[in-house]
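This is what each chain is made of:
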Amino acid sequence: MTDRSFNVENPQPIDFGRLSLRPGFRLVVVGSNGGIGSTLCQQALALGAQVIGLDTKAAIAERPLTGDVLSLPVDVLDPASIAEAFARLGERFPEIDGLVYVSGIGERPMATLDHSAEQWDRTQDVNLRGAFLVAKAALPRLKPFTGSIVFISSGLAVNVEPGFAAYSASKAGLIAFAKVLAKEVAPAVRVNVVAPGLVLTPFLAGGTGSGAAPSSVSVSDWFGSPERGQAMRDAVPLKRIAEPDDIVAPIFFLLGSGARFITGQTLHINGGRYLS
């Protein structure tokens, strides 16, 4: 039976000793086998959370997760695949505490008009339409008055750069979608967004998010030379590029009780590179 002890007038108590995930937290991560997603799953397990990871069959095969994570294949472009995955996870989690949508793809930088229609559509479909379809499947399973969703957008959604038109448009749309959803599902479920800057993952080294990526990660690989890579570091007030842990910790905060009065917000994590 659903625990209805928490409500608008009786919110979940804040655990000031653990402004993160509590032991037993039931977490679903979509895009679980990528750079940020895999770190998210492993660190959640370390905190005692129960984790189910959803990703493509290829990602699960190429980058399997360790530990007690139930990995389920999903195609976020296919509503039937999403429904099947959530039916299967419902066998373990009749109710969930948190959902993180990490799935995302992007092309290497190119001029806006050089995008093919297929490249443009696929970027919008995975980054935005997939988030909508997954949220639609997950919301009925989220625990009322403590359930939380976090979408992963990008600093490029609001601080655009040449070459990223499709990616920026999709990630900006994700922020707008999350804001509307947050108003519509409040007060039962909170919805927030994390918008990272550059993060040291295989995506940065040349992966697109839709297949295998280089195993070694170098800012120089992405920006073309050590000099340009150093220039990017120098442009960050904290003088480095983010690691996945830098993104995961704020996600855990937004999922947990310490963020119980935060919804519809976008948290930018970029070392001070962009200030909103």
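Since we're looking at a predicted model, the values are computed, not measured.

## Describing unusual backbone geometry
Note on backbone geometry: most residues besides glycine have negative phi, and most peptide bonds are trans.
Item 1. For the bond from Ala186 to Pro187, the omega torsion is 5°, close enough to zero to count as cis.
Item 2. Take Pro187: it is sitting in the loop between helix 5 (165–185) and strand 6 (189–196).
Item 3. The phi torsion at Lys239 lies on the positive side, around 65°, for a residue other than glycine.

## Here's the deal with helix 3 (residues 79–89)
Item 1. Taken residue by residue, helix 3 has Ser81, Ile82, Ala85, Phe86 and Leu89 as its buried positions. Across the axial projection of helix 3, the buried residues extend over an arc of 130°, all falling on one side. Summarising the geometry of helix 3, the exposed residues directed more than 90 degrees from the buried face are Ala80 and Glu84.
Item 2. Against the buried residues of helix 3 lie strand 1 (26–30), strand 2 (50–55), strand 3 (69–73), strand 4 (98–101) and helix 4 (117–138).
Item 3. The opening residue of helix 3, the one whose side-chain oxygen lies 3.0 Å from the backbone nitrogen of Ala80, is Asp78.

## What about helix 8 (residues 244–255)?
Item 1. Taking 1.5 Å as the rise per residue, helix 8 with 12 residues should run 16 Å; its terminal C-alpha atoms sit 17 Å apart, in good agreement.
Item 2. Residues of helix 8 that are buried: Pro244, Ile247, Val248, Pro250, Ile251, Phe252, Leu254 and Leu255.
Item 3. In this fold, the buried residues of helix 8 make contact with strand 1, helix 1 (35–46), strand 4, strand 5 (147–152), strand 6 and strand 7 (266–269).

## Looking at the nonpolar core
Item 1. By size, the foremost hydrophobic cluster in this structure holds 36 residues, and its most contacted members are Leu54, Phe151 and Val191.
Item 2. Only strand 1, strand 2, helix 3, strand 4, helix 4, strand 5, helix 5 and strand 6 provide two or more residues apiece to this core.
Item 3. At 7 residues, helix 5 tops the list of elements feeding residues into this core.
Item 4. Residues within four places of Phe151 in sequence aside, it is in contact with Tyr101, Ala131, Ala135, Leu174, Phe177, Ala178, Leu181, Val191, Asn192, Val193 and Val194.

## A few points about the packing of aromatic side chains
Item 1. Scanning the model with the defined rule gives 3 aromatic pairs in all.
Item 2. Ring centres 6.3 Å apart and planes at 80° place the aromatic pair Phe132 and Phe177 in the edge-to-face group. One end of the pair, Phe132, is in helix 4; the other, Phe177, is in helix 5, with 45 residues separating them in the sequence.
Item 3. Taken together, the ring pairs connect Tyr101, Phe132, Phe151 and Phe177 into an aromatic cluster.

## With respect to the packing of helix 3 against helix 4
Item 1. It is the contact of helix 3 with helix 4, at a shortest axis distance of 10 Å, that shows an interaxial angle of 40°. When the axes of helix 3 and helix 4 are compared, the crossing they make is right-handed. Along the contact surface, helix 3 presents Pro79, Ile82 and Phe86, while helix 4 presents Arg129, Leu133, Val134, Ala137 and Ala138.
Item 2. Looking at the contact of helix 3 with helix 4 residue by residue, the class counts come to 7 nonpolar, no polar and 1 charged.

## Notes on the layout of surface pockets
Item 1. The calculated volume of the second largest pocket comes to roughly 350 Å³.
Item 2. Forming the boundary of the second largest pocket are 16 residues, of which Pro11, Pro187, Arg190, Arg260 and Phe261 lie nearest the centre.
Item 3. Along the lines of polarity and charge, the residues of the lining of the second largest pocket split into 9 nonpolar, 5 polar and 2 charged.

## Examining the environment of Gly264
Item 1. Among the structural elements, Gly264 can be located in the loop between helix 8 and strand 7.
Item 2. Between the alpha carbons of Gly264 and Asn192 there is a distance of 5.1 Å; along the sequence they are 72 residues apart.
Item 3. Not counting residues up to four positions away in its chain, the partners in contact with Gly264 are Lys179, Ala182, Val191 and Asn192.

## Quick notes on the side chain of Ser148
Item 1. Along the chain, Ser148 falls in strand 5.
Item 2. Accessibility expressed as a relative area gives 0% for Ser148, which makes it buried.
Item 3. If near-sequence neighbours (up to four positions away) are discounted, Ser148 is found in contact with Asp97, Gly98, Leu99, Leu142, Val189, Arg190, Leu254 and Leu255.

## Section: the sheet that holds strand 2
Item 1. As summarised here, the arrangement of the 7 strands in space is 3-2-1-4-5-6-7, forming an open sheet in which the pairing is parallel. Because the sheet does not close on itself, it has two edges, and the strands there are strand 3 and strand 7. Between one strand axis and the next, the sheet turns through 20° on average, direction left out of account.
Item 2. Strand direction decides the pairing type here: strand 2 and strand 3, joined by 5 bridges, are parallel. Looking across to strand 3, one finds that Asp55 is bridged to Pro73.
Item 3. Taken strand by strand, helix 1 contacts strand 1, strand 2, strand 3 and strand 4, and its axis lies near 170° from that of strand 1.

Calculation notes
- Residues numbered from 1 in each chain as written.
- Predicted model: local features only at pLDDT ≥ 70, side-chain atom pairs only at ≥ 80, totals over all residues.
- Heavy atoms only, no water.
- Helix = DSSP H or I, 4+ residues; strand = E, 2+ residues; numbered from the N terminus.
- Buried < 20%, exposed > 50% of the residue type's maximum accessible area, 1.4 Å probe, protein only.
- Arc of directions from axis to C-beta.
- Contact = heavy atoms within 4.5 Å.
- Polar contact = N/O pair within 3.5 Å; in protein donor to acceptor, adjacent residues only side chain to side chain.
- Expected span 1.5 Å × (residues − 1).
- Core = buried A, V, L, I, M, F, W, Y, C linked by side-chain atoms within 4.5 Å.
- Phe/Tyr/Trp six-rings, centres within 6.5 Å; stacked < 30°, edge-to-face > 60°.
- Axes fitted to C-alpha atoms, helices over the stretch in contact; angles between N-to-C directions.
- Left-handed = near helix turned anticlockwise from the far one by under 90°.
- Nonpolar A, V, L, I, M, F, W, Y, C, P; charged D, E, K, R; others polar.
- 1 Å grid on protein atoms, 1.4 Å probe; cavity = no way out; pocket = protein on both sides within 12 Å on 5 of 7 lines; lining within 4 Å.
- Points joined across faces, edges and corners; volume = space filled by probe spheres on them.
- Pairing = 2+ DSSP bridges.

So far we have only geometry, and geometry alone does not tell us how the molecule works.
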